[in-house]
Amino acid sequence: MASGKAARMGEEVWKTRTEKINLEVLSLTYGTLISQLCLDLRLASNPSLPDYAAVNTELERMGHSIGLRLIEDFLAKTSSGPTATSNPCSNFRETAEMIAKVGFKIFLNCVPSVEKWDREGRSFGLVFEEGSLGGLGDWVELPDDGRAQGELWFGNLVCGVVRGALEMVQMQVKCEFASDVLRGDDTTEMRITLIRYIEDEMPPDDE
């Protein structure tokens, strides 16, 4: 799907088929979730300190579970038929455009730019110019403990969502943040790398 067509689809679906939620409420709810994880997940060597690596892992795991189910809503909203479930785009570049201009527009009302492709065309960056994940990180400051800005990825749940959703359409990917404005970077960038296309597994012969 061409970039312009994907952008028009994302705008149309967001305007006509998407239930809206107050961004401030969403941001505060998500921030509360992360605060609770920081209280629950502590360093084994020093239980008085949060284990930010464990928080990142748990956020990604939670997001992955959400993405496995959210893809159905995405396909329904974009009027994608059953055949699109196994192959929604003809190539990975079209997949990138659908993620940025349709997926993020529908669910977070933001449109990151697709940039920084590698030579093989199997890895790209989603760059969010307007703050952290289109406003999800508004009204947020990372803990000033000398560790959070170097260890915590605030939006890691979204990485899990992307990974889970693509897994359901036969793409195994690695999704991680390269930068975040909450860490003091100029932009927030999420990198998505295609590992492999998942082949449909046939059941063994009953012989």
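Residues numbered from 1 in each chain as written. Predicted model: local features only at pLDDT ≥ 70, side-chain atom pairs only at ≥ 80, totals over all residues. Heavy atoms only, no water.

Colleague: Sorry if this is basic, but what is going on with unusual backbone geometry here?
Modeller: For residues besides glycine, phi is generally negative; the peptide bonds are generally trans as well. One non-glycine residue, asparagine 109, lies in the positive phi region at around 55°. As for its placement among the helices and strands, asparagine 109 is situated in the loop between helix 5 (92-108) and strand 1 (113-115). Assessed through its relative accessible area of 36%, asparagine 109 is described here as partly exposed. Positioned with a positive phi, lysine 116 is a non-glycine residue whose angle comes to about 60°. Checked against the element boundaries, lysine 116 lands in the loop between strand 1 and strand 2 (123-128). (Helix = DSSP H or I, 4+ residues; strand = E, 2+ residues; numbered from the N terminus. Buried < 20%, exposed > 50% of the residue type's maximum accessible area, 1.4 Å probe, protein only.)

Colleague: Teacher, can you tell me more about the sheet that holds strand 1 here?
Modeller: Each strand in a sheet pairs with another by means of backbone hydrogen bonds, the pair being arranged parallel or else antiparallel. Here four strands make up an open sheet; going across it, the order is 1-2-4-3 and the pairing antiparallel. Strands with a single pairing partner mark the edges of an open sheet, and in this sheet they are strand 1 and strand 3 (171-179). Across the sheet, the axes of successive neighbouring strands diverge by a mean angle of 25°, strand direction being ignored. As judged from the six bridges shared by strand 2 and strand 4 (residues 188-197), these two strands associate in the antiparallel manner. Across the sheet, valine 127 pairs through a bridge with glutamate 189, a residue of strand 4. Sitting on the sheet, helix 5 touches strand 1, strand 2, strand 3 and strand 4, and the angle it makes with strand 2 is about 20°. Contacting strand 3 and strand 4, helix 7 (residues 156-167) runs over the sheet at an angle of about 160° to strand 3. (Pairing = 2+ DSSP bridges. Axes fitted to C-alpha atoms, helices over the stretch in contact; angles between N-to-C directions. Contact = heavy atoms within 4.5 Å.)

Colleague: How should the packing of aromatic side chains be read in this particular structure?
Modeller: Any two aromatic rings considered together are summarised by their centre-to-centre distance and by the angle between their planes. Taken as a whole and assessed by the stated rule, the structure comprises six aromatic pairs. Between phenylalanine 92 and tryptophan 117, the ring centres sit 6.0 Å apart and the planes meet at 85°, which makes this aromatic pair edge-to-face. Here the residue phenylalanine 92 occupies a position in helix 5, and tryptophan 117 occupies one in the loop between strand 1 and strand 2, the gap between them amounting to 25 residues. On the basis of an interplanar angle of 40° and a centroid distance of 4.9 Å, the ring pair of tryptophan 117 and phenylalanine 124 is categorised as tilted. Its relative accessible area of 22% is what places tryptophan 117 among the partly exposed residues. You can call phenylalanine 124 buried: its relative accessible area is 0%. Following the ring pairs from residue to residue traces out a cluster consisting of Phe92, Trp117 and Phe124. (Phe/Tyr/Trp six-rings, centres within 6.5 Å; stacked < 30°, edge-to-face > 60°.)

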